[in-house]
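Next come the chains, spelled out residue by residue.
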Amino acid sequence: MTEATFTDGVVVLRPSTPDDAPLIIAARDAAFRRFIGQGSAAPAPEYVIVVSGAVVGWVDHDRDDDRWWLAPDEVNIGYHVFPAHRGCGYATRAVRLMVEHLRTETDWETATLLIHPDNTASLMVAERNGFERAEDVEERTFWRREVREAS
């Protein structure tokens with residue numbers, strides 16, 4: 001499990017624990033299911049997003065064999081902000097911190113996002129974090145950002 005914690009002074013990314021799973025599951029709403037799917041029965045994201053001591057979402061990165069569209073040096077970032085905390089900029093901050101984590105703690109060269117084209121909020125997260133749109137994949141918008149350019 002990841003040991004490091006990252007913060008920008010507002011958002012803290014701390015390693016998730018099994019105790020976070022019930023909260024993550026309870027926060028799944030129609031938007032979550034529409035844009036992400038049903039989700040795991042035992043969610044274990046790399047980090048939870050914490051603001052003022054409260055868990056407001058999660059963020060992680062993964063590289064599994066089902067992601068055929070990723071180049072060998074690419075990793076995909078996933079995230080979810082709980083409904084009561086959306087629209088506050090927490091996803092933008094969490095993704096920025098995740099890119100910083102990838103830059104300082106991993107060998108990945110490129111971070112990617114795969115976003116449903118109707119998910120306007122996530123499209124803005126990609127743009128605010130300097131991701132560039134690439135070719136669409138499986139009817140979703142695909143975004144890339146070089147990790148080594150992060151700061």
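Anything mentioned here points back to the structure above.
Residues numbered from 1 in each chain as written. Predicted model: local features only at pLDDT ≥ 70, side-chain atom pairs only at ≥ 80, totals over all residues. Heavy atoms only, no water.

Quick rundown of the sheet that holds strand E6 (residues 110–115)? Include the residues and the values.
The strand order E1-E2-E3-E4-E5-E6-E8-E7 describes an open sheet built from eight strands, whose pairing is mixed. Both outer strands of the open sheet, strand E1 (6–7) and strand E7 (132–133), are each paired with one neighbouring strand and no more. Relative to E6, strand E5 (residues 74–81) runs parallel, the two being bridged by three bridges. Residue pairing for E6: Val 75 is matched across the bridge by Ala 111. (Pairing = 2+ DSSP bridges. Helix = DSSP H or I, 4+ residues; strand = E, 2+ residues; numbered from the N terminus.)

Explain the side chain of Arg 28 to me, and be specific about the residues and the numbers.
On the secondary structure map, Arg 28 appears in the loop between helix H1 (21–26) and helix H2 (30–35). Of the buried charged residues, Arg 28 lacks a salt bridge, with Asp 29 as the closest side chain of opposite charge at 8.9 Å. Polar contacts involving the side chain of Arg 28 include one to the main-chain carbonyl oxygen of Ser 40, which spans 2.8 Å. With residues up to four places along the chain from it excluded, the contact list for Arg 28 reads Arg 33, Gln 38, Gly 39, Ser 40 and Pro 43. (Buried < 20%, exposed > 50% of the residue type's maximum accessible area, 1.4 Å probe, protein only. Lys, Arg positive; Asp, Glu negative; His and termini not counted. Salt bridge = Lys/Arg side-chain N within 4 Å of Asp/Glu carboxyl O. Polar contact = N/O pair within 3.5 Å; in protein donor to acceptor, adjacent residues only side chain to side chain. Contact = heavy atoms within 4.5 Å.)

Break down the packing of aromatic side chains for me, citing the residues and quoting the values.
Taken as a whole and assessed by the stated rule, the structure comprises two aromatic pairs. Between Phe 6 and Tyr 47 the ring centres are 6.0 Å apart and the planes differ by 80 degrees, which places this aromatic pair in the edge-to-face class. With a gap of 41 residues between them, Phe 6 in strand E1 and Tyr 47 in strand E3 (residues 47–51) connect regions that are remote in the sequence. Between the aromatic rings of Trp 68 and Trp 69, the centroid separation amounts to 5.6 Å while the plane-to-plane angle is 90 degrees, which identifies the pairing as edge-to-face. Note on Trp 69: relative accessible area 12%, which makes it buried. (Phe/Tyr/Trp six-rings, centres within 6.5 Å; stacked < 30°, edge-to-face > 60°.)

Everything listed is a geometric property; what it means functionally is a separate question.
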